[in-house]
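# Structural features, examined
The chain contents come next:
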Amino acid sequence: MKRKHTVTLVAAALIAALLCGTALAAATGFSLRDMFSQMDADGVTRVNEAAISHIRAVDCRYESEDVLYTVDECLYNSREETLALSATFTSKVPGNRYYILLERLTAGGAHQNGAYEYKLTEFFLEDAPVNSFCTAFVPGTTGPDVTISYAVLKLTGTIVSDEEAQALWAIDREKDWDVYAARLAELNANGFVYVEPDGTVACTTDTPDFSYADALAATGCFELTDRFTVTFKADDSADDIETLVYTGPAVFEFDGAKFEILSAEVGESRATVDLRATLTDETYRAWFGESDSLGGWSMRAGGELELVSGHGITDGFTQNADGSWTITEEYTFGMLYSQPTEIPLILETVNPDGTVTTHSDMPITLTFARK
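Presented here is a report on the structure given in the accompanying data block. All residue numbers here refer to positions counted from 1 along the written sequence of the relevant chain. Only residues with pLDDT of 70 or above have their local features reported here, since the model is predicted, and side-chain atom pairs are shown and tallied only from 80 upward, although totals for entire chains, interfaces and linings are computed over all residues. No hydrogens and no water enter the side-chain calculation; it runs on all heavy atoms of the structure.

## What to know about the packing of aromatic side chains
Rule in force here: Each pair of aromatic rings taken from Phe, Tyr and Trp, with Trp reduced to its six-membered ring, is defined by centres within 6.5 Å and is described as stacked if the planes are under 30 degrees apart, edge-to-face if over 60, and tilted in the remaining cases. Helix and strand definitions here come from DSSP, where helices need a minimum of 4 consecutive H or I residues and strands a minimum of 2 consecutive E residues; each element is numbered from the N-terminal end. When a residue's accessible area, from a 1.4 Å probe over protein chains only, is under 20% of the maximum for its type it is buried; when over 50% it is exposed; and in between it is partly exposed. Here, over-ring charges are defined by two tests on the NZ atom of lysine or the CZ atom of arginine: distance to the ring centre within 6 Å, and angle to the ring normal within 35 degrees.
Under the criterion given, the structure shown has 24 aromatic pairs. Taking 5.9 Å as the distance between ring centres and 20° as the angle between the ring planes, the aromatic pair formed by Phe259 and Trp297 counts as stacked. Of the two residues, Phe259 sits in strand S17 (residues 257–266) while Trp297 sits in strand S19 (residues 297–301), which places them 38 residues apart along the sequence. Here the two residues Phe259 and Trp297 agree in accessibility, since each one is buried. Centroid distance Tyr284 to Phe317: 5.3 Å. Interplanar angle 75°. Geometry classified as edge-to-face. Placement of the pair is Tyr284 in helix H6 (residues 281–288) and Phe317 in the loop between strand S20 (310–314) and strand S21 (318–319), with a sequence separation of 33 residues. Considered together, Tyr284 and Phe317 belong to a single accessibility category, that of buried residues. Three or more aromatic residues joined by ring pairs form one cluster here, namely Phe254, Phe259, Tyr284, Trp287, Phe288, Trp297, Phe317 and Trp325. Seen from the ring of Phe124, Arg97 lies directly overhead, with NZ or CZ sitting 4.3 Å from the centre.

In structure tokens, the structure reads:
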């Protein structure tokens, strides 16, 4: 079976939206502040001043014969359970090519979840320094101690040719894992390394006792030169943030659908919305069909939060005694480029044939104001 490094869950849509800004920041001198500003399609640059005001420089470094690693800036909020940081890796041996693997990132003992990262989880390090950053949720965090662990591997093999890489990518797309694993093992045995289109190194070992770094070293194409852990105390901005409170209607009603806003707020780094929706049986069947399977839907944010990743937590629909259907959901949107006073919610439902319908005729706009 194909094996991937999965320390971080990356918000892919957010990465696609921000890479152009990231490249610009890298070219002009990156700061974590760049993570909290974004130019809209209309050319207006949104800046989250509340978040930027709490970014702090960090004095944390690790140095070995091979690399120098520094954590440069950090933003941590225990109430919102969010962490953002920037760091720099520098090679100390000209000509060496290292593969860097993140093995652990926690804040207050809580592992990061739902991170947006750039050059953080796994990447190649050569002569030029590499700037990395992440913004992440750390649910359950209990304190300011941030811990980061890395493995450093030196490439001793040779990257496969473009022709060979294309052939492996074709096998990968066909999901013929036995053929894929056999070819990859053959290449590794001859000192060749396959780098996938996303820039990560392919590995096929299924040995559960191996970490990803150990598995790569076992191919004979990498030398594990170092493992290290750094810990620092982050300044917690939880007591200093200015939260925007919900000021809109408690209920939005449309044909056969009622949406109750249970709670909502816009914080420093994230916005949260808890809601309960009730559909008549007629509306439910019109949206999701006559099958007994539970309907699928999602809410996404528009306006200033259109480019911000979001995720929801729910137990799904349940049918009530009167035949109506109810669902309760908790949505989190972050990291924020601004503290918007309006958040349009856009409802999307999955049709019986698998297509998606956007209900633009059911506008739900949440309004907020400072306390």
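## A few points about the pairing of strand S16 (residues 251–254)
Note the threshold: Strand pairing follows a simple DSSP-based rule, namely that at least 2 bridges must link the two strands.
Taken together, the four bridges between S16 and S17 define a ladder with antiparallel strand orientation. In the sheet register, Val251 faces S17, and the bridge partner there is Glu260. Here S16 folds back onto S17, and the loop between the two strands holds two residues, one of which, Gly256, carries a positive phi near 75°.

## Observations concerning the pattern of salt bridges
As a reminder, the rule being used: Each salt bridge in this description consists of a side-chain nitrogen of Lys or Arg and a carboxyl oxygen of Asp or Glu lying within 4 Å of one another.
Within the structure shown, the criterion is met by 17 salt bridges. Two residues, Glu242 and Arg370, come together in a salt bridge whose shortest N-O distance is 3.5 Å. Within this pair, whereas Glu242 is found in the loop between strand S14 (222–233) and strand S15 (244–246), its partner Arg370 is found in strand S25 (residues 364–370), the two being separated by 128 residues in sequence. The residue Glu260 makes a salt bridge to Arg276 at a minimum N-O spacing of 3.1 Å. Placement of the pair is Glu260 in strand S17 and Arg276 in strand S18 (residues 270–279), with a sequence separation of 16 residues. Residue classification places Arg276 among the partly exposed residues on the basis of a relative accessible area of 30%.

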